[in-house]
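Reading the structure
If you want the building blocks of each chain, they are given just below.
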Amino acid sequence: QVQLVESGGGLVQAGGSLRLSCAASGRTFSTYTVGWFRQAPGKGREFVAAIRWSGGSTYYTDSVKGRFTISRDNAENTVYLQMSSLKLEDTAVYYCAAGLRGYYSDNYYYGMDYWGKGTLVTVSS
């Protein structure tokens, strides 16, 4: 079992930066791929970024490439999402997810087994 708790959301002006954290419990967390997803009001869930257990492979949706960076600290059981140059359209609830046997295809990361409750990011003009 893995439990995930997101933090770091809040209100930020367009062009600003924010760092989200995903703290995990579970001794085998370091073996999981961890991803960030988001859901804007009235829209479906969207993949944002993911990182393999080793940290050697990362994946991003096209709209955040060059602006967001995902990283992990397995010793601290934490995954981060550094968000820069934020845009109004980045406003959403951001969820952390973890999975053992997921895969990336068609701009989405499938196979996540555990999900956090989310943290709200609001970008204002």
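Up top is the structure these notes are about.
All chains use their own residue numbering, which begins from 1 and follows the written sequence. Reporting of local features is limited, given that this is a predicted model, to residues whose pLDDT is at least 70; pairs of side-chain atoms are given and counted only at 80 or more, and all residues count toward the totals for whole chains, interfaces and linings. Remark: hydrogens and water are excluded; side-chain values derive from all non-hydrogen atoms of the structure.

Quick look at the environment of Tyr95
Residue position: Tyr95 is located in strand 9 (residues 92–99). Residue contacts are defined here by distance: any two heavy atoms, one from each residue, within 4.5 Å place the two residues in contact. Setting aside chain neighbours within four positions, we find Tyr95 in contact with Glu6, Gly35, Trp36, Phe37, Gln39, Trp115, Gly116, Lys117 and Gly118. Put simply, DSSP H or I for four residues or longer makes a helix, DSSP E for two residues or longer makes a strand, and each gets a number counted from the N terminus.

Topic: the state of the cysteines
Counting rule for disulfides: a pair of cysteine sulfur atoms within 2.5 Å. Summed over all chains, the structure comprises one disulfide. The residue that forms a disulfide with Cys22 is Cys96, at a sulfur-sulfur distance of 2.0 Å. Looking along the S-S bond of the Cys22-Cys96 disulfide, the torsion reads about -75°, which is the left-handed sense. Taken together, the residues span a long stretch of sequence, with Cys22 in strand 3 (residues 18–25) and Cys96 in strand 9 at a distance of 74 residues. Look at Cys22 and you get buried, because its relative accessible area is 0%. For each residue, the accessible area found with a 1.4 Å probe, counting protein chains only, is set against the maximum for its type, and the residue is called buried under 20%, exposed over 50%, and partly exposed in between. Look at Cys96 and you get buried, because its relative accessible area is 0%.

A few points about the nonpolar core
Nine residue types can take part in a nonpolar core, namely buried Ala, Val, Leu, Ile, Met, Phe, Trp, Tyr and Cys, and a core is a set of them joined through side-chain atoms within 4.5 Å. Grouped together as the largest cluster of nonpolar side chains are 29 residues, with contacts concentrated most on Trp36, Leu81, Met83 and Tyr94. If you list the elements that add at least two residues to this core, you get strand 3, strand 4 (33–39), strand 5 (45–51), strand 7 (68–73), strand 8 (78–83), strand 9 and strand 13 (119–124). In this structure, Phe37, Ala50, Ala97 and Tyr109 belong to the second largest nonpolar core, which totals eight residues.

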